[in-house]
Amino acid sequence: MVDAAVLEKLEAGFAKLAASDSKSLLKKYLTKEVFDNLKTKKTPSFGSTLLDVIQSGLENHDSGVGIYAPDAEAYAVFADLFDPIIEDYHGGFKKTDKHPPKDWGDVDTLGNLDPAGEYIISTRVRCGRSMQGYPFNPCLTEAQYKEMEDKVSSTLSGLEAEPKGQFYLLTGMTKEVQQKLIDDHFLFKEGDRFLQAANACRFWPTGRGIYHNDAKTFLVWCNEEDHLRIISMQMGGDLGQVYRRLVTAVNDIEKRIPFSHDDRLGFLTFCPTNLGTTVRASVHIKVPKLAADKAKLEEVAGKYNLQVRGTRGEHTEAEGGVYDISNKRRMGLTEYDAVKEMNDGIAELIKLESSL
């Protein structure tokens, strides 16, 4: 049974959200009926409640989505809320739909989107992974954080060739190393207010770390938002090279660490927006002429299911006409298709920009 204090918080938070002008998917789909049906439920293994799922959105009415899964079971126990939000965000992925099996496709069919280097500043492809047998951030114990960090650092130190590099623990990190990682834009800071409210930053910085290769084109974040964020990136527009590096590394890591996967939802992550392929392929791109007509930019992006963000990611402005543009859909399509959507959309944007 959910205790009285939690129920009280839920009722108060729900009333405030209902009265707010929040545009979040949480507000859109958390009807009174759904709320009453879910407010006394708990996940069997970790005892996560509806409050654990929605507290970030209750505290931050400016959230776009507003919910997180405290553990993998939450997706099933609180399906009445997760399913419609997943369908809305992932472009019609219904509760009767099944995410396709993993397929990285033919990595050699992707190439350089901007060989002359006129538009694309940098290219990045990342994916998230959760380690089997562990809950997500809000339910992890301090001991589990340490255990996971050990597993990740010993696994990554076994990588060969290009992804070969070094693992840095956040705990006890020297000021010099910290500054170096900040300068390279590698170091993640303690979670933003959305993650803080979701209880994702407990025992900070225990169990957190960063790995990067010598060339600084491949990095892994350990226990930031997801257990693992695996990132491949480099300057310029050579998407093919960035994608191949990611695929090689993910396949290598997967041989050593089993990942949480669900037959219907694909790879499981803390935030429902990252489920499925978990792949986010993005470029920082200069399109000053299109930027002058934001509606046109958004229209083309929408046609290819792309998300347009400011230069520094979500909730930021574009600096000097530079946008962060990425694929939005992560479910109901393969990894290769997700990256191909971004590839085709960016090619179209470049064609348009050069014709203006």
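Residues numbered from 1 in each chain as written. Predicted model: local features only at pLDDT ≥ 70, side-chain atom pairs only at ≥ 80, totals over all residues. Heavy atoms only, no water.

You'll find the protein chain entered in an unreviewed UniProt entry as arginine kinase, with Periplaneta americana given as the organism.

Trainee: If you had to explain the packing of aromatic side chains to someone new, which residues and values would you point to?
Mentor: Following the criterion strictly, the structure yields eight aromatic pairs and no others. Ring centres 4.6 Å apart and planes at 20 degrees place the aromatic pair tyrosine 68 and phenylalanine 270 in the stacked group. Of this pair, tyrosine 68 sits in the loop between α4 (50–59) and α5 (74–77) while phenylalanine 270 sits in the loop between β7 (266–267) and β8 (280–286), and the two are 202 residues apart along the sequence. Comparing tyrosine 68 with phenylalanine 270, the two get one shared label, buried. On the basis of an interplanar angle of 75 degrees and a centroid distance of 6.3 Å, the ring pair of tyrosine 211 and phenylalanine 218 is categorised as edge-to-face. Comparing tyrosine 211 with phenylalanine 218, the two get one shared label, buried. An aromatic cluster of at least three residues, connected via ring pairs, comprises Phe188, Trp204 and Trp221. Sitting over the ring of phenylalanine 267, arginine 129 keeps its end group 3.6 Å from the ring centre. For the cation-ring pair, arginine 208 lies above tyrosine 145, with the distance from its terminal atom to the ring centre recorded as 4.1 Å. (Phe/Tyr/Trp six-rings, centres within 6.5 Å; stacked < 30°, edge-to-face > 60°. Helix = DSSP H or I, 4+ residues; strand = E, 2+ residues; numbered from the N terminus. Buried < 20%, exposed > 50% of the residue type's maximum accessible area, 1.4 Å probe, protein only. Lys NZ or Arg CZ within 6 Å of the ring centre and 35° of its normal.)

Trainee: Describe the domain arrangement of the protein chain, and please don't skip the residues or the numbers.
Mentor: Segmenting the protein chain into domains produces domain 1 (4–90) and domain 2 (120–355). Computed from C-alpha atoms alone, the centre-to-centre distance between domain 1 and domain 2 is 25 Å. If you look at the interface, domain 1 gives 21 residues, while domain 2 gives 25 residues. Across the contact surface, domain 1 and domain 2 share two salt bridges. Of the charged contacts, one joins aspartate 83 and arginine 264 as a salt bridge, the two residues approaching to 2.9 Å between their closest N and O atoms. Viewed at the interface, domain 2 and domain 1 are joined by nine residue pairs in polar contact (both at pLDDT 80 or more). Contributions of two or more residues to the side of domain 1 that touches domain 2 are made by α4 and α6 (79–89). Considering each element in turn, the side of domain 1 that touches domain 2 owes the most residues, four residues, to α6. Classifying every residue of the side of domain 1 that touches domain 2 gives eleven nonpolar, six polar and four charged. (Domains from an automatic or database assignment. Contact = heavy atoms within 4.5 Å. Salt bridge = Lys/Arg side-chain N within 4 Å of Asp/Glu carboxyl O. Polar contact = N/O pair within 3.5 Å; in protein donor to acceptor, adjacent residues only side chain to side chain. Nonpolar A, V, L, I, M, F, W, Y, C, P; charged D, E, K, R; others polar.)

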